[in-house]
Amino acid sequence: MSLRRGRPALLTAVSCLFLALLQPSAWASSPPEKAPVAASAICNALCDASDPQSAPQDRVPVSATIYGRTLQLHVDDTDATGWASIGNGSPGDEVWLDRSFDGGKTWSDGSRLGATVTPSGNSGWRTLMYNVDDWNTNGVGALRACGKAGDRDEIACTGWARSNWNAGSRSTAAATGLMMLYDRDTGLFEKNGWWTSANALTAVIDNIRVSGMPSYTYAISNTYEKNLGAQGQNFTNDYLDDTGWWGLAWVAAYDLTGDSRYLSTARTDADHMYANWTSQCGGGVLWNENMTYKNAITNELFLQLNAALHNRIGGDTVYLGRAQDEWNWFRNSGMINGGHMINDGLTDACANNGQTTWTYNQGVILGALAELYRATGDTTLQDTARTLADASTTSPDLHTAGILHEPGEGDGCDGDGPSFKGAYVRGLGSLNAQLSNHPYNAYLTKQADAAYNNDRDALDMYGPHWNGPQITPAKGHGCQHSALDLLNAAP
């Protein structure tokens, strides 16, 4: 498994640019038509505009055609670089690279990298070699080859692909795909994801734990420091489920790093939720502090967060008491229906509202009961969790051909819904890991194999349908973290 390496000690931005401008093309007797711009030149193990002739590897992950020409993206996995070629053409054909740091959604002012024209007497040509990633700024990148035939206006491009760095397994490749969608400026995923960013960060943290690959640990402190003062501060806001997701993310961060500030923030989040525990319907936490709705997901998160805090704070009785009060209320609230599935919430008359049995409602409760069992040793909690898990893993409303789907699952990766399945398998995985016989290994493996085989592109980016088809160009951090949660949970 290849991990991100640090800045070479003897290379500076100035020397990299100088070297890049001096590098000759292996196929050209003159410089490329468009030389690299100083602001976009990147130096990792090699500098941008290195000569492909020296590359120890040449892998072609994606290709395309235009007017009979063949466009190929070539990747040198040894040095995490790539170049583009055009073949079966004529003099005057143009070829270049695009480089993206958001999974191919956009590409920077340094696009058309190495743009060059097939010279007289040749039927093919290639660019110089450019870095996939920017290790100096934690930019997780992707490349594609583009070109056009002579003076025709039409342009063709290959799909996006990258080197196999930080992709030594199915899960680390998915983690790298997710980190392509991480906005280093905001510390969130895709600039403005809030509670979904909490889930995405949790998936990244879990992957560091299960895979041992530490490359993306920087995202934890970056997210924390850039968002601690956002919204209601300390990752709180009016929506108590949002607060719960962030609280659990910081518990995971504390488990990985041992940094006490993350545990302190998780306590603040739990206390904020508890301030919205009311006597309506006999107890429970409000969904929104300005509304009266009591729903399942908020109270499941409250249960898990408080039990988790007790398990990490020596001598605690407060958070354990809150967790036990929550479970005693929740199991008698009526939200668990006769089929052992959990509906969305309660009516104003405090009865099950019969609304959708979203997958995340079936999954978070499993992680919550696993934490409460760890706190108390009460085996009835595991028995109840098994009953709930058996119902959801076999529910015909949640599966097609045995593969999990969200009720009303659409073809996009935007919004809240694409995150739900990730929360489900994360909770199921926590329960499965705690049970000595790991009864859900086969289920999780089946889901992971389906997603990997049917819902993955050349960037190891996943769409909304784990059993396919892979929707192009649907991608987003909700779909991606859900797939990563699945691959983290699968044995």
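Below, the structure is looked at part by part. (Residues numbered from 1 in each chain as written. Predicted model: local features only at pLDDT ≥ 70, side-chain atom pairs only at ≥ 80, totals over all residues. Heavy atoms only, no water.)

## Structural notes on the side chain of Asp 242
Part 1 of the reasoning: Its location among the elements puts Asp 242 in helix H5 (residues 240–257).
Part 2 of the reasoning: Within the buried set, Asp 242 has no salt-bridge partner at all; the shortest N-O distance to an opposite charge, 13 Å, is to Arg 426.
Part 3 of the reasoning: One polar contact links Asp 242 to Asn 237, side chain to side chain, over a distance of 3.1 Å.
Part 4 of the reasoning: Excluding residues within four positions of it along the chain, Asp 242 makes contact with Trp 194, Trp 195 and Asn 237. (Helix = DSSP H or I, 4+ residues; strand = E, 2+ residues; numbered from the N terminus. Buried < 20%, exposed > 50% of the residue type's maximum accessible area, 1.4 Å probe, protein only. Lys, Arg positive; Asp, Glu negative; His and termini not counted. Salt bridge = Lys/Arg side-chain N within 4 Å of Asp/Glu carboxyl O. Polar contact = N/O pair within 3.5 Å; in protein donor to acceptor, adjacent residues only side chain to side chain. Contact = heavy atoms within 4.5 Å.)

## Brief notes about the layout of surface pockets
Part 1 of the reasoning: Of the pockets and cavities examined, the largest pocket occupies roughly 870 Å³.
Part 2 of the reasoning: Around the largest pocket, the lining comprises 38 residues; the ones closest to its centre are Asp 206, Arg 209, Gln 304, Arg 426 and Ser 430.
Part 3 of the reasoning: At the level of secondary structure, the elements contributing two or more residues to the lining of the largest pocket comprise helix H3 (195–211), H5, helix H7 (296–310), helix H9 (359–376), helix H11 (420–434) and helix H13 (477–489).
Part 4 of the reasoning: The greatest single-element share of the lining of the largest pocket, amounting to nine residues, is contributed by H11.
Part 5 of the reasoning: Here the second largest pocket defines a volume of roughly 360 Å³.
Part 6 of the reasoning: Its residues placed into classes, the lining of the second largest pocket shows five nonpolar, two polar and seven charged. (1 Å grid on protein atoms, 1.4 Å probe; cavity = no way out; pocket = protein on both sides within 12 Å on 5 of 7 lines; lining within 4 Å. Points joined across faces, edges and corners; volume = space filled by probe spheres on them. Nonpolar A, V, L, I, M, F, W, Y, C, P; charged D, E, K, R; others polar.)

## Examining the pairing of strand E8 (residues 142–148)
Part 1 of the reasoning: Burial within E8 is extensive, with seven of its seven residues counted as buried.
Part 2 of the reasoning: Residues Ala 142, Arg 144, Cys 146 and Lys 148 line one face of E8 and the alternating positions Leu 143, Ala 145 and Gly 147 line the opposite face, and both faces are buried.
Part 3 of the reasoning: Of the strand pairs in this sheet, strand E4 (residues 94–100) and E8 are connected by seven bridges, and their pairing is antiparallel. Considered in E8, the bridge of Val 95 is made with Gly 147. (Pairing = 2+ DSSP bridges.)

## Topic: helix H10 (residues 379–393)
Given 3.6 residues to a turn, an α-helix orients residues that are three or four positions apart in the same direction.
Part 1 of the reasoning: The end-to-end C-alpha distance of H10 is 21 Å, a good match for the 21 Å that 15 residues give at a rise of 1.5 Å each.
Part 2 of the reasoning: Listing the buried residues of H10 in full gives Leu 381, Gln 382, Ala 385, Leu 388, Ala 389, Ala 391, Ser 392 and Thr 393. (Expected span 1.5 Å × (residues − 1).)

## Considerations on the packing of helix H6 (residues 260–274) against H7
Part 1 of the reasoning: At their nearest, the axes of H6 and H7 sit 10 Å apart, and the two run at 135 degrees to each other. On the basis of the axis angle, H6 is oblique to H7. Regarding H6 and H7, the two cross each other, and that crossing is left-handed. Across the interface between the two elements, Leu 263, Ala 266, Arg 267, Asp 269, Ala 270, Met 273 and Tyr 274 from H6 touch Thr 298, Phe 302, Leu 305, Asn 306 and Leu 309 from H7.
Part 2 of the reasoning: Residues belonging to the contact of H6 with H7 are distributed by class as follows: eight nonpolar, two polar and two charged. (Axes fitted to C-alpha atoms, helices over the stretch in contact; angles between N-to-C directions. Parallel < 35°, antiparallel > 145°, perpendicular 65-115°, else oblique. Left-handed = near helix turned anticlockwise from the far one by under 90°.)

## With respect to unusual backbone geometry
Part 1 of the reasoning: Cis rather than trans, the peptide bond between Gly 468 and Pro 469 has omega equal to 0 degrees.
Part 2 of the reasoning: By secondary structure assignment, the location of Pro 469 is in the loop between helix H12 (441–454) and H13.
Part 3 of the reasoning: Residues other than glycine seldom take positive phi values, yet Ala 49 does so here, at roughly 70 degrees.
Part 4 of the reasoning: By the element assignment, Ala 49 lies in the loop between helix H1 (13–22) and strand E1 (59–66).

## Focus on the state of the cysteines
Part 1 of the reasoning: Evaluation of the coordinates by the stated rule reveals four disulfides.
Part 2 of the reasoning: Linked covalently through their sulfurs, Cys 146 and Cys 157 form a disulfide whose S-S length is 2.0 Å. Looking along the S-S bond of the Cys 146-Cys 157 disulfide, the torsion reads about 110 degrees, which is the right-handed sense. Taken as a pair, Cys 146 in strand E8 and Cys 157 in strand E9 (residues 156–157) lie far apart in primary sequence, eleven residues in all.
Part 3 of the reasoning: The disulfide bridge from Cys 413 ends at Cys 479, spanning 2.1 Å between sulfur atoms. Because the sign of the S-S torsion sets the handedness, a value of about -95 degrees for the bond joining Cys 413 and Cys 479 places this disulfide among the left-handed ones. With a gap of 66 residues between them, Cys 413 in the loop between strand E13 (403–404) and H11 and Cys 479 in helix H13 connect regions that are remote in the sequence. As far as the burial class goes, Cys 413 and Cys 479 line up, both buried. (Disulfide = S-S within 2.5 Å.)

## Notes on the packing of aromatic side chains
Part 1 of the reasoning: Counted by the stated rule, this structure contains 24 aromatic pairs.
Part 2 of the reasoning: Where Phe 235 meets Trp 250, the ring centres are 5.0 Å apart and the plane angle is 55 degrees; that geometry is what we call tilted. With Phe 235 in the loop between helix H4 (218–227) and H5 and Trp 250 in helix H5, the pair connects residues that are 15 residues apart, well separated along the chain.
Part 3 of the reasoning: By relative accessible area, Phe 235 is classed as buried at 0%.
Part 4 of the reasoning: Seen in terms of ring centroids, Trp 327 and Phe 330 are 6.3 Å apart; in terms of plane orientation they differ by 25 degrees. Their pairing is stacked. Note that Trp 327 and Phe 330 are positioned in helix H8 (residues 318–331) at a spacing of three residues, about one turn of the helix.
Part 5 of the reasoning: Ring pairing ties together the aromatic residues Trp 194, Tyr 224, Phe 235, Trp 246, Trp 250 and Tyr 262, which thus form one cluster.
Part 6 of the reasoning: The positively charged end of Arg 112 is found above the aromatic ring belonging to Trp 96, 4.0 Å away from the centroid.
Part 7 of the reasoning: Arg 144 extends its terminal NZ or CZ atom over the ring of Trp 107, reaching a point 4.0 Å from the ring centre. (Phe/Tyr/Trp six-rings, centres within 6.5 Å; stacked < 30°, edge-to-face > 60°. Lys NZ or Arg CZ within 6 Å of the ring centre and 35° of its normal.)

## Comments concerning the side chain of Asp 460
Part 1 of the reasoning: Examined against the element boundaries, Asp 460 turns out to sit in the loop between H12 and H13.
Part 2 of the reasoning: Its relative accessible area of 15% is what places Asp 460 among the buried residues.
Part 3 of the reasoning: Contacts of Asp 460, omitting those with residues within four sequence positions, involve Ala 173, Ala 174, Gly 177, Tyr 452 and Gln 480.

## Some points on the nonpolar core
Part 1 of the reasoning: Judged by nonpolar contacts, the single largest core of 101 residues is most densely connected at Met 179, Trp 245, Trp 246, Trp 250, Leu 309 and Ile 365.
Part 2 of the reasoning: Every residue in contact with Trp 246, bar those within four places of it in the chain, is listed here: Leu 188, Trp 194, Trp 195, Ser 197, Ala 198, Leu 201, Thr 223, Phe 235 and Asp 269.
Part 3 of the reasoning: Of all hydrophobic cores here, the second largest spans 20 residues; its members include Ala 49, Leu 71, Val 95 and Leu 143. (Core = buried A, V, L, I, M, F, W, Y, C linked by side-chain atoms within 4.5 Å.)

## Some details on the sheet that holds E9
Part 1 of the reasoning: Pairing in this open sheet of four strands is antiparallel, and the strands run E5-E4-E8-E9 from one edge to the other. Every other strand in the sheet has two partners, leaving strand E5 (113–117) and E9 as the edge strands with one partner each.
Part 2 of the reasoning: As judged from the two bridges shared by E8 and E9, these two strands associate in the antiparallel manner. Its bridge partner lying in E9, Cys 146 is registered against Cys 157.

## Section: the pairing of strand E3 (residues 81–87)
Note on strand geometry: in a regular strand, side chains alternate between the two faces of the sheet.
Part 1 of the reasoning: By the criterion of burial, E3 is predominantly enclosed, with seven of the seven residues buried.
Part 2 of the reasoning: Inspection of the sheet shows strand E2 (residues 69–76) paired to E3 by seven bridges, in the antiparallel sense. Pairing of Leu 71 across the sheet is with Ile 86, part of E3.
Part 3 of the reasoning: As consecutive antiparallel partners, E2 and E3 are separated by four residues, and within that stretch Ala 80 has a phi angle of approximately 55 degrees, a positive value.
Part 4 of the reasoning: Taken together, the two bridges between E3 and strand E7 (residues 130–131) define a ladder with antiparallel strand orientation. Residue pairing in the sheet places Thr 81 in a bridge with Asn 131 of E7.

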